[in-house]
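Here's the letter readout for the chains.
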Amino acid sequence: MITFSDSKEFNPSCLVPLFEQADWSRGRTVEQTRDMLLHTDLAISAWDQSRLIGFGRVLTDYVFRASIWDVIVDRDYQGQDIGTQLMNRILSHPSLHQVELFWLCTRNRQAFYKTLGFSDKEQTGMVWSRKRI
Ligand SMILES: CC(C)(COP(=O)(O)OP(=O)(O)OC[C@H]1O[C@@H](n2cnc3c(N)ncnc32)[C@H](O)[C@@H]1OP(=O)(O)O)[C@@H](O)C(=O)NCCC(=O)NCCS
């Protein structure tokens, strides 16, 4: 049975194998992951027993804006509605009930996010990358 949690009190090394599966998160260390969790406002994780198989997190002011980051489902578990459940748990989380606008960026998962009600009509994002400069 797959269970979901909004606790950040898990061993950050559980996340590293999941991060290894995506090109945008590959190479993240346990130390970086620990720091990231510490400073993240909301983290939702999905578990198969003790195996972390899905993750997504939020940075927010709890009123006006929230950004969603690092949404990922283990490739062995994709296509089983787990990504949808993770996202719905974020969007309906009681701590975020006031937030008027959720923002995320995606290169090639627009179809997935559109099923959840996201729009890509407002193309306003710009990025500054430390790696690129
Ligand atoms: C994107 C991701 C989180 C989706 O998780 P998932 O658990 O496989 O998604 P679900 O099973 O909940 O699928 C929900 C819907 O989105 C669709 N969907 C999922 N991935 C899709 C994709 N790559 N392209 C098009 N549609 C997709 C599914 O077909 C499903 O639609 P349906 O209900 O009409 O069948 C997962 O594929 C993943 O981790 N990918 C690699 C990391 C990544 O790219 N993350 C997103 C960063 S922005």
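Note that the structure is predicted; figures quoted are calculated from it, not measured. (Residues numbered from 1 in each chain as written. Predicted model: local features only at pLDDT ≥ 70, side-chain atom pairs only at ≥ 80, totals over all residues.)

A separate point is the nonpolar core. Counting 17 residues, the largest nonpolar core has Leu-86 and Ile-90 as the members making the most contacts within it. Of all the elements in the fold, those that place two or more residues in this core are β2 (42-48), β3 (51-60), β4 (65-73) and α3 (82-91). Looking at which element gives the most residues to this core, the answer is β4, with five residues. (Core = buried A, V, L, I, M, F, W, Y, C linked by C-beta atoms within 7 Å. Buried ≥ 20, exposed ≤ 12 C-beta atoms within 10 Å, placed from the backbone. Helix = DSSP H or I, 4+ residues; strand = E, 2+ residues; numbered from the N terminus.)

A few words now on the environment of Gln-78. Locating Gln-78 in the fold gives a position in the loop between β4 and α3. Spatially, the C-alpha atom of Gln-78 lies 13 Å from that of Ala-22, the residues being 56 residues apart in sequence.

Another point: the sheet that holds strand β5 (residues 101-103). Pairing is mixed across the open sheet formed by five strands, whose spatial order is β1-β2-β3-β4-β5. Whereas interior strands pair on both sides, the edge strands pair on one side only; in this sheet they are β1 (2-5) and β5. Direction aside, the axes of adjacent strands within the sheet are offset by 20° on average. Where β4 and β5 come together, three bridges link them in parallel fashion. Pairing of Ala-66 across the sheet is with Phe-102, part of β5. Relative to β3, α3 is tilted by about 30°, and along the sheet it contacts β1, β2, β3, β4 and β5. (Pairing = 2+ DSSP bridges. Axes fitted to C-alpha atoms, helices over the stretch in contact; angles between N-to-C directions. Contact = placed C-beta atoms within 7 Å.)

Next up on the list: the site of the ligand. Inspection of the region around the ligand gives 16 residues, with Gln-78, Gly-83, Thr-84, Thr-106 and Ala-111 positioned closest. Here the residues of the shell around the ligand sort into seven nonpolar, seven polar and two charged. (Near = placed C-beta within 6 Å. Nonpolar A, V, L, I, M, F, W, Y, C, P; charged D, E, K, R; others polar.)

Along α3, the residues classified as buried are Gly-83, Leu-86, Met-87 and Ile-90. Taken around the axis of α3, the buried residues stretch over an arc of 95°, which confines them to a single face. (Arc of directions from axis to C-beta.)

Once that is clear, we can look at unusual backbone geometry. Phi is positive for Gln-49, close to 55°, though the residue is something other than glycine. Residue placement: Gln-49 occurs in the loop between β2 and β3. Using a count of 8 C-beta atoms within 10 Å as the deciding quantity, one classes Gln-49 as exposed. One non-glycine residue, Asp-81, lies in the positive phi region at around 80°. Mapped onto the elements of the fold, Asp-81 is located in the loop between β4 and α3. Take Asp-81: there are 12 C-beta atoms within 10 Å of it, and that puts it in the exposed class.

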